[in-house]
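Structural overview for review
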Amino acid sequence: MSEASKFHFVINVSVPAAEAVMNYFSYTSGPLKQYERYLKRHRELDYKKMRRFLNTTYKTLTEIDPEFMAFNLVNLYADLNEMAQAYDTFNAKSKLGYHSYELVFLRQQEEYVALENRMIENSETIDFIKGRKDRRSRRPTINSVQNERRNPGRALGRLSDLIEENIAIGEALRDFRQQHERTFKAIYTKVVQMIGQQLYSVVNAMAYEFDILLWHKAKSSEIIRHYFKDSYAGDVVSSKAYLTNYLKNLDKTKLTPENRELQNLLEYLNETTPVNILIYMPEAEDSDVFESALKADDNGFEIFTFTDAKHALANALKLRVSILILDLNVGIDILENFIQTFQKNMKKYKHRGKVLLVASEIDDDSINAANQLMVDSLVEREIDAIDIIDSIYTLLKIPIDEDYFNTEFEVEPTEKG
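Residues numbered from 1 in each chain as written. Predicted model: local features only at pLDDT ≥ 70, side-chain atom pairs only at ≥ 80, totals over all residues. Heavy atoms only, no water.

**Thoughts on the pairing of strand E5 (residues 377–380)**
A one-sided burial pattern is seen for E5, the buried positions being Ser377 and Val379 and the unburied ones Leu378 and Glu380. In this sheet, E5 lies alongside strand E4 (residues 354–359) in parallel orientation, the contact comprising four bridges. From the neighbouring strand, Ala359 faces E5, where its bridge partner is Glu380. Once the chain exits E4 it traverses helix H17 (residues 364–373) before rejoining the sheet at E5, and the crossover so formed is right-handed. (Buried < 20%, exposed > 50% of the residue type's maximum accessible area, 1.4 Å probe, protein only. Helix = DSSP H or I, 4+ residues; strand = E, 2+ residues; numbered from the N terminus. Pairing = 2+ DSSP bridges. Right-handed = clockwise from strand over helix to strand, strands pointing away.)

**Overview of the sheet that holds strand E3 (residues 323–327)**
Strand order across the open sheet formed by five strands is E2-E1-E3-E4-E5, with parallel pairing between neighbours. The open sheet terminates on both sides in strands that have one partner only, identified here as strand E2 (301–306) and E5. Across this sheet, the average inter-strand angle for adjacent strands is 20°, counted without regard to direction. Note that E3 and E4 share five bridges and pair parallel. Within E4, the position partnered with Leu324 by the bridge is Val355. Those strands touched by helix H15 (residues 309–319) are strand E1 (275–280), E2 and E3, and its axis lies near 170° from that of E1. (Axes fitted to C-alpha atoms, helices over the stretch in contact; angles between N-to-C directions. Contact = heavy atoms within 4.5 Å.)

**Quick word on the packing of aromatic side chains**
Following the criterion strictly, the structure yields 19 aromatic pairs and no others. Between the aromatic rings of Tyr101 and Phe105, the centroid separation amounts to 5.5 Å while the plane-to-plane angle is 10°, which identifies the pairing as stacked. Of this pair, Tyr101 and Phe105 are both found in helix H6 (residues 100–105), four residues apart, which corresponds to roughly one turn of the helix. In this structure an aromatic cluster arises from ring pairing among Tyr24, Phe25, Tyr27, Phe90, Tyr101, Phe105, Tyr112, Phe176, Phe184 and Tyr188. Residue placement shows Lys48 over the ring face of Tyr200; its charged tip is 5.0 Å from the ring centre. Sitting over the ring of Tyr24, Lys93 keeps its end group 4.4 Å from the ring centre. (Phe/Tyr/Trp six-rings, centres within 6.5 Å; stacked < 30°, edge-to-face > 60°. Lys NZ or Arg CZ within 6 Å of the ring centre and 35° of its normal.)

This is the structure we're talking about:
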C-alpha cells in the first residue's frame, strides 16, 4: 500500500488572503505613512495630467534663476518624485491580472509551496527511474539483469508509489486553489483599489502643494519676474496663467501633439466654479498675503480686499460672498456688528457666508473672541500659503444647518466702523 493511499494531503492557509495582499504591497506602507498628512488635504491636482508640465516648468524656472529655489521647494520636489515612483511601482505591480492569485497568494502559502516542490522532486525521480529503465532495456548489462532478477518489483513499486503520490498531491493543490481563489480575488480587488486611491490622492495633493509653492517662489524672484514682464507685467501667478499666455498666440490649426496636451491641461485647470471671497483687514500688507495665496490656487476664487469696514460690508452684501476673512485687529465690537449685519441680510436669500477669523496667535483671548463672534474657523496670521488655501476648502466643506435660516439674531446690529 502506497503512502498516498494511507494519507490524505491537507493544505492549511499559512498567510490569509488580506495579509498576503498587504505583504505583496508592503513597500507602499512607508511612503503612505510618511506622507499621510496629504490624505487630509482638500485640494489636489491630477498628477497624471500635470506631471510633465510641472517637471518642465520646475526645470525651466531653475534655469532662469538657479537661486530662486527655497530649501522647502527642493525638498518637496524630491518628496513628490519619491511618491510618484511609489505610485508608478504600484501601478506596474498591481496589473498582474490572471497571475495575481499565483504570485500574491499561493507563493506565500508554506504548505502549498512545500507540496508543490515535493511534487516537482517526485516528477524528477520518476523521470530518472524511467530513463534508467529505458537505458537498461536498450543495452542490458550482466549486473542490471542480475539486479532486476534479485529485486524484480522494487523499481516498479517505487515508480508506482511516486506516481500515485503525485496524483494525490495534484488533487490537494487543485482543491486548495479552487477553495480560496474567489475570496482572494475579492480581497485583492478591494485592497488594490484602496491603496491605489490613497497613493493617487497623496501624489495629487503633493502636486497641488508643489504647484502653489513653485509659483510663490517664482513670484519672489526678480530675475523670473523680469523674464516674464512682457507677458505678465511682472506678475507670475499660476500654472493656469502661464499656460493661458503661452497658448493664446499659437495657431490652433497647427498645434503639435505637445501643444494639444497643454491645451487639454489648460481646459482641465479651467474646470472650476467661482467662489466669492472677501478679505477685510486694516493693514493692506496682511491682506496681500492672503490674497496672494488664494490667487495662487487659481481655482475660480473671486477675491475682494478692503481696509475700510463700510466699503467691506457694502460689497459683502452686494456680492453675497461665500467666505469672509476678517482680522481680529479690527476690533471685536466692529466685527460683531459687521458679521451680524451681513448674516442677517443674507438670510433673505437663503445664503450664509462662512467666516474665517485671523488672529496674531491662537490663545485663550482669540479663542474666546472667535466663540463670541460665532465664526467658523480661526487661524494665525503667520501661516503658509498652502495652509491658507486648505483653511478655505475646509470652510467650503462645512455643511450649513438648515435650521440656521429659521433663527433670529439676538443682538440688533448698530452702525459701527
